[in-house]
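Tertiary structure, described
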Amino acid sequence: MVSKEQIYNWLEEVSDPEIPVLSVIDLGVIRDAKNIDGEWLITITPTYSGCPAMKTMEEDILSKLKTKGIDTARVELVLAPAWSTDWLSENGRVKLREYGIAPPEHEVDKSVLFAAPTIVPCPKCHSKNTRMVSQFGSTACKAMYQCNDCQEPYDYFKCLK
Amino acid sequence: MKNEALFRYLLRLGDDSLILGQRLAEWCGHGPILEEDIAMTNISLDLIGQAMSLLDYAGVIEGKERNCDKLGLLRYEKEYVNVLLVEQPNGDFGDTIMRQFLFDAFRKPLYEKLVNSSDKQLAAIAEKSLKETRYHLKHSSEWVIRLGDGTEESHERVQNSLDTLWRFADELFYTDEVEAQLTGEGILPDLSEIKTEWESTVKHVFSEATLEIPANNWKFEGGRKGRHSEHFGHLLSELQYMQRAYPNMEW
Ligand SMILES: [Zn+2]
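Residues numbered from 1 in each chain as written. Chains lettered and ligands numbered in written order. Predicted model: local features only at pLDDT ≥ 70, side-chain atom pairs only at ≥ 80, totals over all residues. Heavy atoms only, no water.

Residue and element names in this part refer to chain A. Parsing chain A into structural domains produces domain 1 (4-83) and domain 2 (101-157). Put simply, the middle of domain 1 and the middle of domain 2, counted by C-alpha atoms, are 28 Å apart. Overall, the association of domain 1 and domain 2 removes approximately 470 Å² of surface from exposure, summing both partners, and the carbon and sulfur fraction of that is 84%. Looking at the side of domain 1 facing domain 2, the largest losses of area belong to Glu-18, Ile-19 and Tyr-48, adding up to 76% of the total buried there. Linking domain 1 with domain 2 are zero residue pairs in polar contact (both at pLDDT 80 or more), by the criterion used here. By residue class, the composition of the side of domain 1 that touches domain 2 is five nonpolar, no polar and one charged. (Domains from an automatic or database assignment. Buried area = accessible area lost by both parts, 1.4 Å probe. Polar contact = N/O pair within 3.5 Å; in protein donor to acceptor, adjacent residues only side chain to side chain. Nonpolar A, V, L, I, M, F, W, Y, C, P; charged D, E, K, R; others polar.)

Bringing the pairing of strand β1 (residues 30-36) of chain A into the picture now. Taken together, the six bridges between β1 of chain A and strand β2 (residues 39-44) of chain A define a ladder with antiparallel strand orientation. Bridge pairing in β2 of chain A links Ile-36 of chain A to Glu-39 of chain A. (Pairing = 2+ DSSP bridges. Helix = DSSP H or I, 4+ residues; strand = E, 2+ residues; numbered from the N terminus.)

In this section: the coordination of the zinc ion. All names here are of chain A. Coordination of the zinc ion by the protein comes from Cys-122 (SG), Cys-125 (SG), Cys-147 (SG) and Cys-150 (SG), over a distance range of 2.3 to 2.4 Å. The site at the zinc ion holds four donor atoms, and with the angles between them running 106 to 114 degrees, its shape is tetrahedral. Site description for the zinc ion: donor spacing in sequence, C-x2-C-x21-C-x2-C. (Donors = N, O, S within 2.8 Å, 3.2 Å for Na, K, Ca; no water. Tetrahedral: all angles 85-135°; square planar, octahedral: opposite > 155°, others 65-115°.)

Attention now goes to the side chain of Thr-139 of chain A. Tracing the backbone shows Thr-139 of chain A in the loop between β5 (130-134) and β6 (142-147). Judged by its relative accessible area of 11%, Thr-139 of chain A falls in the buried class. Among residues more than four places away in sequence, those in contact with Thr-139 of chain A are Glu-18 of chain A together with Asn-42 of chain B. (Buried < 20%, exposed > 50% of the residue type's maximum accessible area, 1.4 Å probe, protein only. Contact = heavy atoms within 4.5 Å.)

Counting 111 residues, the largest nonpolar core has Leu-11, Ile-42 and Phe-157 of chain A together with Met-98, Trp-198 and Phe-206 of chain B as the members making the most contacts within it. Each of domain 1 (4-83) and domain 2 (101-157) of chain A contributes no fewer than three residues to this core. Sequence-distant contacts of Ile-42 of chain A, that is, excluding residues within four places in its chain, are made with Ile-7, Leu-11, Ile-30, Asp-32, Ala-33, Ile-61, Leu-65, Arg-74, Val-75 and Glu-76 of chain A. Formed by nine residues, the second largest nonpolar core is a distinct cluster that contains Ala-143, Tyr-145, Cys-147 and Tyr-154 of chain A. (Core = buried A, V, L, I, M, F, W, Y, C linked by side-chain atoms within 4.5 Å.)

To continue, consider the side chain of Ser-127 of chain A. All names here are of chain A. By the element assignment, Ser-127 lies in the loop between β4 (101-102) and β5. Looking at Ser-127, the relative accessible area reads 12%, which means it is buried. Dropping the residues within four chain positions of it, Ser-127 is found in contact with Pro-121, Cys-122, Cys-147 and Asp-149.

Moving on to the interface of chain A and chain B. The parts lose accessible area when they come together, and the size of an interface is often stated as this lost area. On the chain B side, the residues contacting the 30 residues of chain A number 28 residues. With both sides pooled, the region where chain A packs onto chain B buries about 2,400 Å², and carbon together with sulfur makes up 66% of that total. In this structure, the connection of chain A to chain B is made through zero salt bridges. Counting across the chain A and chain B interface gives eight residue pairs in polar contact (both at pLDDT 80 or more). (Salt bridge = Lys/Arg side-chain N within 4 Å of Asp/Glu carboxyl O.)

The following block contains the structure:
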């Protein structure tokens with residue numbers, strides 16, 4: 001019988017539809033895979049409540065498993081425990097940086113009003129002389145930053161805990 | 001039905017999120033600056049996502065095979081139980097930010113309490129939503145301060161927003177037999193401290209923003225009983241258009 005580890009290896013080939021450089025494993029949204037009486041149950045959790053990519057991920061997971069000969073599988077969405085950027089894999093953080101997106105800093109967001117935003121090094125020139133342009137970006141999980149040295153505008157995969 | 005009070009409570013939370021999410025979505029392509037256009041639609045997406053979780057769960061409790069699409073898009077006006085605040089028109093950017101701030105300052109402490117609900121699914125939705133709501137409250141608070149303590153014109157306009165919207169704030173704290181029953185069952189934690197926390201947030205931010213809370217004490221309510229303002233029918237006609245024109249359509 002196929003092992004859980006094998007299923008996880010195959011899911012490394014399923015990419016996040018919005019940040020294709022990351023696999024669903026890197027993103028940390030796969031919470032479990034179990035075989036129940038011959039059927040594989042894959043448990044996933046959304047990054048954000050309204051993340052429009054979840055449905056696509058579900059379909060991509062099922063069709064990937066099908067190409068590997070797994071015909072009976074289903075995907076279940078769970079909300080708890082709530083996804084955290086701490087679940088991003090180390091590998092995923094490296095891939096993000098190479099792709100030009102700054103990975104989340106391991107820092108709880110300050111709820112203090114007008115607190116200095118998290119220092120996020122520029123993914124191009126690595127300068128720490130950067131500024132936050134907006135807390136909200138092109139997708140729910142990102143903020144917009146710009147480098148003051150090389151002027152590169154870039155996305156920051158913002159911290160969610 | 002498994003628990004009618006829980007069903008009704010989930011509709012209240014779900015409708016508040018859905019209708020405010022719909023209002024914010026109206027800003028798409030019309031924001032005063034690109035960053036705010038993106039911020040408001042991001043917040044809209046979070047709220048609509050939260051509404052989907054809440055309404056899907058309401059459908060499970062009801063047990064009549066109504067999911068978030070059926071509940072969200074196919075009820076009649078008087079069956080929606082959102083507070084009047086969230087259906088108020090967008091107005092200018094200041095009106096939208098003020099409406100959002102009054103709401104976020106309520107939602108954050110509410111979710112903090114609901115995380116401890118004895119109902120596992122409600123607690124899970126709250127835990128998920130709380131992380132998003134913290135960002136929303138920070139965003140709306142900072143803008144209220146920036147506009148209030150900004151130029152003479154921005155101050156005057158956002159003070160007007162506050163004067164207009166303040167009468168709708170009290171309905172956020174509306175409770176009746178629904179909340180009473182759920183508190184008795186341990187599903188709702190004690191909600192009494194939420195108002196205290198809301199008042200302290202609101203006072204703090206308004207004082208930083210040099211804004212004055214209106215002296216008059218008019219209070220408008222009715223949304224929780226399905227009595228809506230005139231604006232609501234127009235909002236619904238847009239929200240429900242696709243399902244009414246093409247019944248049971250799916251993406
Ligand atoms: Zn740079």
